[in-house]
Every structure is written in C-alpha cells, then in structure tokens.
Amino acid sequence: MQIGYARVSTLDQNLALQKDALVSVGCEKIITDEVSGKLAKRYGLEQLKQLLRPGDTLIVWRLDRLGRSLTHLVEFVTELEQNQVGFKSLTEQIDTTSPSGKLIFHIFAALAEFERNLIVERTKAGLAAARARGRLGGRRRKLSFQQRKLAASLYRNKQHSIGEICQLFSISKPTLYSYIGEFAHDREG
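Owing to the predicted nature of the structure, the values given are computational and were not obtained by experimental measurement.

Asks: Give a description of the overall build of the protein chain that names residues and reports values.
Replies: Scanning the protein chain from N- to C-terminus turns up 7 helices and 5 strands. Secondary structure elements of the protein chain, listed N to C terminal, follow the sequence β-α-β-α-β-α-β-β-α-α-α-α. Here the protein chain holds 189 residues, and 31% of them are scored as buried. Put simply, 64% of the contacts in the protein chain that link residues at least 6 apart link residues at least 24 apart.

Take a look at the structure:
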C-alpha cells in the first residue's frame, strides 16, 4: 500500500498542494500533521508509524515534510528500511525501493554521520581549549561555595524538608542532590 504523509508548520499554511501531489501518485491513505517539524511529538507521524506494514511505501512531497534534520530523517528512513517499508520523496526524486534510490539515501546517511562526527570533534576541541585556559566544562554553579555547603548542611541536619531547602535557595531537587553529593565527605562522624 502507498501511504502519504503531509505536514504544514502553521494553521495559515495549506495541505492541499501536498495532498494533491500524493493523490496523483496513487497514495491510498494520507496522514497529516499541522505542527512544526521541530516538535518531537507529531501525532500524525505516530499514527503513520502504527499504520505502516512490511511491503508498504511511505511517500512524502518533500524531505523536509518528514524530518526535523538530516540526522532525524536518516534515522527514520533507516527504521523504515529495517521494517521492510519503502520510502519515496517526490520533489527530490528519492525512491528507496530502487537500487539508485537506495544509493542516494545511503550517501545522505554517510553525510549525516560525517556531520555528527564533526560536531563531536568540534566539541572535544572546544572543551580542550577551555581546559587549557583553566575553565572546566559544564554550567556554572548557581550558588556560591558557601551557599552550596549550607544547603547540604541543612539537608544533613534534617531540620528542613527538601522542598523547603529548594525553595530557600531557588534550586531544583536534582541540583540540591548534586550539592549534597559534593559535600558528602564533610559529614561529621
């Protein structure tokens, strides 16, 4: 079965162009979303995943209608391939049900992996440069050393609830727990 997927980012946009293109190539069903592609939760996309079966082909009008990024798109189409579902993009003329379409898609996958590796390399180089300048990675602490020590002490003395301590210092519970761990060696024996 050929199943189409169409998405627009805002209510101002119209799905008609995409739907017409999908119907013209023989899509028997068309699933739609009217949300930003950046959102991880798209109900139409979730419905589509439940609907697709081995032997089906998913068709989109354009690649950017399906994926938030090249990486997301590659992951999604790889998942389709593992489930024996074909993929076609009408505008880019990609068709993973043909050998040449698979080749093009694998080139995209290689580019996405290359991009991920570059990001990892840049991040490592940036952290190394920061350490060389004496700066440790990570977010700066919200509280001073003395405030963190006091928060941990209030917790250990059990005179205040966790909620009270968090409210007093305007911090979250996980942040409080990290401060408690930081000063665990200060426990009086």
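Asks: If you had to explain unusual backbone geometry to someone new, which residues and values would you point to?
Replies: Even without being glycine, Q84 reaches a positive phi, approximately 60°. With respect to the helices, strands and loops of the structure, Q84 is situated in the loop between α3 (70-82) and β4 (86-89). Of note, the phi angle at S170 is positive, near 55°, even though the residue is not glycine. Note that S170 resides in the loop between α6 (162-169) and α7 (173-182). Residue classification places S170 among the partly exposed positions, given a relative accessible area of 47%.

Asks: How would you sum up the pattern of salt bridges? Please name residues and give values.
Replies: Tallied over the entire structure, the rule returns 4 salt bridges. R65 is paired through a salt bridge with D64; the nearest N and O atoms lie 3.1 Å apart. Since its relative accessible area comes to 31%, D64 is described here as partly exposed. With a shortest N-O distance of 2.9 Å, E182 and R148 are connected by a salt bridge. Note that E182 is positioned in helix α7 and R148 in helix α5 (residues 145-157), a separation of 34 residues in sequence. On the basis of relative accessible area, E182 is assigned to the partly exposed category, the value being 23%.

Asks: So what's going on with helix α2 (residues 43-51)? Which residues, and what values?
Replies: For α2, the full list of buried residues reads G44, L45 and L48. Angularly, the buried residues of α2 cover 100° about the axis, an arc narrow enough to put them on a single face. The exposed residues of α2 that point more than 90 degrees off its buried face are Y43 and Q50.

Procedures and definitions
- Residues numbered from 1 in each chain as written.
- Predicted model: local features only at pLDDT ≥ 70, side-chain atom pairs only at ≥ 80, totals over all residues.
- Heavy atoms only, no water.
- Helix = DSSP H or I, 4+ residues; strand = E, 2+ residues; numbered from the N terminus.
- Buried < 20%, exposed > 50% of the residue type's maximum accessible area, 1.4 Å probe, protein only.
- Contact = heavy atoms within 4.5 Å.
- Salt bridge = Lys/Arg side-chain N within 4 Å of Asp/Glu carboxyl O.
- Arc of directions from axis to C-beta.

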